[in-house]
Structure formats: C-alpha cells, structure tokens
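Inside the fold
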Amino acid sequence: MSDIVLDVKNLRVEFPTRKGVLTAVNDISLQIRRGEILGMVGESGAGKSMTGMAILGLLEPPGRIAAGSIHLSGDRIDDLDDRAMQPVRGQRIGAIFQDPLTSLNPLFRVGDQLVETICLHTNLTKTQARERAKDLMREVGIPAVEERIDSYPHQFSGGMRQRIVIALALCAEPELIVADEPTTALDVSIQAQITALLKRLCRERGTAVMLVTHDMGVIAETADRVAVMYAGRLVEVGTVDEIVRRPKHPYTTGLMGSIPSLRKDVEELQMIPGSMPRLNDIPDGCAFNPRCTQAGARCRRDVPSIGAGPTGVACWLAQEGACA
Amino acid sequence: MIAFLLKRTANAAFVMLAVALLAFVIFRFFGDPVEMMVNEQATQADRMELRERLGLNDSFVTQYTRFVSNAAQGNFGISYRNQQDVMVLIKERFPATFELVLVATVISLVVGIPAGVITAVYRESRLANMLQLGSIVGVSLPSFVVGILLILAFSVSLGWLPAFGRGETMDIGWWSTGLLTPSGRAALVLPAISLSTFQVTLVMRLVRAEMLETLRADYVKFARARGVPARRVHWRHALRNCLMPVITLTGMQIGNLIAFALVTETVFQWPGMGMLFIQAVTFVDIPVMAAYLMIVSFIFVALNTCVDITYAWVDPRLRDDTARAGGRNG
C-alpha cells in the first residue's frame, strides 16, 4: 500500500456561522496512488474545491476540518498547524488554481516567483535556482526562456501564465498536485494544451494529481479515476470509463447526459431538474432525492453510504436494486 | 518611459501656470501695491512714476508674463514689511519646515505601515485592537492639541525635550539644518510627532484597508499554497501590492503637511515658512503671500508628478513601453 500518496478518510469540513454549522464537505474518503490522476467533478458548491483546500490546509477561517484524517504518503497532515504545514505546501503538495491571471503576484517577475519557491524548498543557491527555474519554464513549454524569465505576469497570455503556475507547482517535485479548475479560465484551444501538459508532466514524474473541475471533457481526457461530488458528499467513485460509459448514480447519469456532444445527434440536451440544495437546506436521506426521478421512500429516510473501496456508488437503487 | 515623463512634466507646467495666474491676480488686484509702498507724503506724480517704474501700466498679459518669468527665476519681489527679498526670506525659512515635514513623514510611514499590516493580519489580537483604538484617538485629536499635550508632558513635566524653537543649526551652503546637532534633533522630536499624529493614523488605516483587500486576492492564497511562509506573504507579497495608494497618500500629504505645518509651527514657535506666512497675513505682506502660494503649490505639483512617476516604477503594468515590448503569445 506504499504507493498511496493521498489518503483522505471520513473528511468533514464545517463552517460555523451565526445561523448554525454548515457542512461543506461531509464524510469524504478517497485515495490517490502514485502517478494517478483523480478527477473530482460536481456542480459549483458541491465541495470539490473545499476538499482541495482542506488538503492544502488553506481553508478560510472560520472553515475547519471537523472530523476525519488526511495522510500524505503515510504522514498525517490534517492536524498540523500552519507553521508545520508550510513546508508541506509547495514541497510535498503543489497547487494549481483556477485563474492564472490572478494566481501570480503582479508586482514580481515570474522568474523571481519561481526562484523564491525553489529556494524555499531546496538548498539551491539563487544562481542555481535561477537555472532550475529556466529548466522548469522550458519544460512547461515557454519559448525564449532567457528573455521571458524577467518578464512580469501581465506580459504573458492566460495560457502562458497557467504554464508558469504549473512550473511553480512542480518546483519542488511534489508527491501530489491539487489542481483546482486549472483550465476553466482558459480558451478552449488552450485548455487541451494545458491538460495534456499537466498529464504528461505528472506521468513522467509519478506525481499524484487531484484534478478538480466541473468540465467532464477535461476529466474524460485526463483522469484515471473520477470522484463525483454532490452537496458535500461523494456520490460515485470509479474509473473514468465506468463513470463516463456506465454511470450508476442517477446524478452521474444526469451529469453525463448534460454534456453536449458533437458526434451524437441528440435533439435536446438532457438536464437535471432543479438545483443543488443549499448547505443549510440539505434534505434528509440522499441529498439528491428531490431531483431524482427514481427516488423511493428509503432515499428520503436513510443516507446511502459509498463504502471504502476504490470504486463505489452512494445510491440505494444502484446498491440494492430497489429503494422502496 | 521618456514620453511618459514628458507628458507628466507638461501637465505639471500647465497647472503651475494656472496657479501663477491666481497668485498674480491676488498680487495685482487685492490692494494697490503702490499704496502699500509709498509713504503718505508722496505726490500723485511720485505715485505715477512708481507705477510706471513697476510696470503696473503695462497690459495684463505683459505683466502676467513678467510675473511668471520672474517667479520661474525665484524672484517674487520685495517684502512690504521688512523690505527684504522675498526669496531670501523663504530660503531662510524653508529648511526648517522641510525638515519638520520630512521627519513627520518618515514617522508616519515607519509607524503607520507596520501598524496597518498588524491590524489587518492579526485582526483579533489585543495589539491590533489597541492600535485601532489609538488610531481613533489620533484621527480625532487636532494637531495643536497633541502639540500642547506633548509640550505639557515632555517639556513641562518631564523636562526631556525643548518646547519651542529649532535648537542649534548648522549651515550647509544656504541650507541650515537642525538634523546634525543634538539640540536641533531634540527640538525636532515633539513638533514632528505632533505633526505626524494624524498622518500615522491615516497611513495605518489605509494600509489596513488595502491589506484586507489584498489578503483575499488569489495570488496571496497561491503564494501560501506554494509554501511561502505566512510572514513573508504578508510583509512582502501582500504589502507591496498595498503600497500604491500609500505612495499617493504620502505624496499628497507631504504637500498638505507643508501647508498645514503652520499650525504646528505656531504651537512650537518653529521658525519655518508657516510662521512666515502667518506674519505675512498679519501685515498684508502680499509678495510674501504670493510667493508662499506659488511655492506650496509648486511642491504640491512636483510631488504629484513624482508620485505618478513612482507608480510607474513600482507597478510594471503602468510602464507603457514594457507592456508593448513583452509581446503576447499563448
């Protein structure tokens, strides 16, 4: 089991507010192996990003991990304080954020941001770090590195900036990369390049990736396994083939049905009626039951469990064939 | 960058011409300069002759042009009151005011910026609350009250620091500085603190507001995510992004400080330009007042221009030439 890089067990993230405690992430367990790319999908507010932030130890207060554990290659990291977590971030877990336009500090040259990160995590001198920064920039596909290393972020296009962000995430050869919507803010033509780049770099290095996105296309292209989230819970986990071709959970089925396809000649896109419940208004039983066409009495009473295996589905219908 | 500098300088020159017009109009039309200069026995012919000699019969435009070209050479005429060259008077007084303002500005930045960062980053801490409370006191108390309280505490009760004057000064060329002598430095402490009280709180509140904004930015979170220690993120990455408005404020406020130093100067009997102006007002000494107006606005305009140029230096995005040179490809 030594190749399990990330092991999240029963993670629960809560936001105490004046009106009561909101549970943004509820009882999530997942594992990512070395070199594996796990796609996390779900609608906005399903808790995907929140799970990523919890792993990075960057939940905005008052958000906090209320239960569960996070292990990184066997070391428990969820109970570390900020000071102890700081060498883990960047060094053992790299991060890529959604918007490359705002991820880089506008007032520092990209080279300086790379050198800063490299120096923080390695024993290299400034000059060596600069050489390494150039290597990384070449590796992520930035042309004319010698000139561009002293450019400021605003002098790069969005795609180029996201390449820099990827280089920053790879600075210290981390074991895990948390990529939070890495392509959402980019042009479609650039998205594919960035996805392919990320995939190639992680395969070469055996880096585990948690790819948070709501873009099923990106997932289908990149991920090995997929975890589907709904209202703070995992509803289905499986290989990308299973999820795309044979989704078991009605929500996953709906999600797949709502992807536009150029090949299939479908008159109208299916859509899931209604919207995801707010965090303070999650129904009893399965959170999806009000929108589910097949929901039965049990779905409104008991919360289905997804189990602990590498694949699974949290649905009474799929598990037991009946939900009455 | 050169085009940018030229544009800024041209703007500044235009503003100065407008101010000069104002100063000239005041000088020319508020009271008759001839009446001020001659004694009661002067005949009408004497007056006419003086009027001709001073060029007061020339056209408005000619007179204005002459005023501007004189002013540009630092010639503001003769003070009515002590019959001295106005520029000489100002030259004597300016160093005192400038040093006072300089020290007050340094205090406001050195105290205000860290206080602002602390109150923004450690919002709930006791220190932050105390600083916040102190800043309310600082904003509310007029500077002359602060000055009087400081005199009461440190000069009258404790006897540590002088309550008035500039102490000994040393001359470096025409510049007389109090910074190089112990008594000069001691004399500077209380007025500078009193002048800076308001500034400190202003800078602190501005930095706090900006920091709160910046700390929410993605690049701050991303800097944390790539393992930059919190302290470095706050004091380097976030603070630098907050400095733009602080530079503006400080630049603008130096002008204000020079202008409003006259209150502090009066309280501490500080022999600066403010005192000179107060005396000029009392005696309707128009050349001095006009010169004061010109010089203070010159400082304002020069500072604004410097602030704009500093912007371009701090924020690479405002250097229009680099944006073009960089090119874009994706």
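Summary of the structure given here. (Residues numbered from 1 in each chain as written. Chains lettered and ligands numbered in written order. Predicted model: local features only at pLDDT ≥ 70, side-chain atom pairs only at ≥ 80, totals over all residues. Heavy atoms only, no water.)

Next up on the list: the interface of chain B and chain A. Taken together, the contact pairs 28 residues of chain B with 37 residues of chain A. For the pair chain B and chain A, the summed buried surface comes to about 3,000 Å²; carbon and sulfur atoms form 55% of the total. Taken as a group, Lys221, Phe222 and Arg226 of chain B account for 23% of the area that chain B buries against chain A, more than any other trio of residues on that side. One salt bridge in this structure joins Arg232 of chain B and Glu116 of chain A, with 2.6 Å as the shortest N-O distance. Seen at the junction of chain B and chain A, the total is 14 residue pairs in polar contact (both at pLDDT 80 or more). (Contact = heavy atoms within 4.5 Å. Buried area = accessible area lost by both parts, 1.4 Å probe. Salt bridge = Lys/Arg side-chain N within 4 Å of Asp/Glu carboxyl O. Polar contact = N/O pair within 3.5 Å; in protein donor to acceptor, adjacent residues only side chain to side chain.)

Before going further, it helps to examine empty space enclosed by the protein. Residues and elements named next belong to chain A. Scanning the entire structure with this criterion turns up three cavities of 30 Å³ or more. In this structure, the largest cavity encloses a volume near 80 Å³. Pro250, Cys286, Cys292, Cys299 and Cys315 are the residues nearest the centre of the largest cavity, which is lined by 14 residues in total. A class-by-class count of the residues in the lining of the largest cavity yields eleven nonpolar, three polar and no charged. (1 Å grid on protein atoms, 1.4 Å probe; cavity = no way out; pocket = protein on both sides within 12 Å on 5 of 7 lines; lining within 4 Å. Points joined across faces, edges and corners; volume = space filled by probe spheres on them. Nonpolar A, V, L, I, M, F, W, Y, C, P; charged D, E, K, R; others polar.)

This brings us to helix H3 (residues 44-53) of chain B. Residue and element names in this part refer to chain B. Of all the positions in H3, only Arg47, Leu50 and Arg51 are classed as buried. For H3, the angular spread of buried residues about the axis comes to 100°, placing them on one side. Residues Ala45, Glu49 and Arg53 are exposed on H3 and point more than 90 degrees away from its buried face. Just downstream of H3 lies Gly55, where phi reads positive at about 80°. (Buried < 20%, exposed > 50% of the residue type's maximum accessible area, 1.4 Å probe, protein only. Helix = DSSP H or I, 4+ residues; strand = E, 2+ residues; numbered from the N terminus. Arc of directions from axis to C-beta.)

Moving on, we get to the nonpolar core. Counting 96 residues, the largest nonpolar core has Leu6, Leu30, Ile55, Ile93, Ile166 and Leu176 of chain A as its most contacted members. The element that contributes the greatest number of residues to this core is helix H7 (residues 158-170) of chain A, accounting for eight residues. In this view, Ile55 of chain A contacts Leu6, Val8, Ile70, Ile77, Met85, Ile93, Leu176, Val178 and Met210 of chain A; residues no more than four positions away in its chain are not counted. Residues Ala104, Ala259, Met273 and Met294 of chain B belong to the second largest nonpolar core, which totals 40 residues. (Core = buried A, V, L, I, M, F, W, Y, C linked by side-chain atoms within 4.5 Å.)

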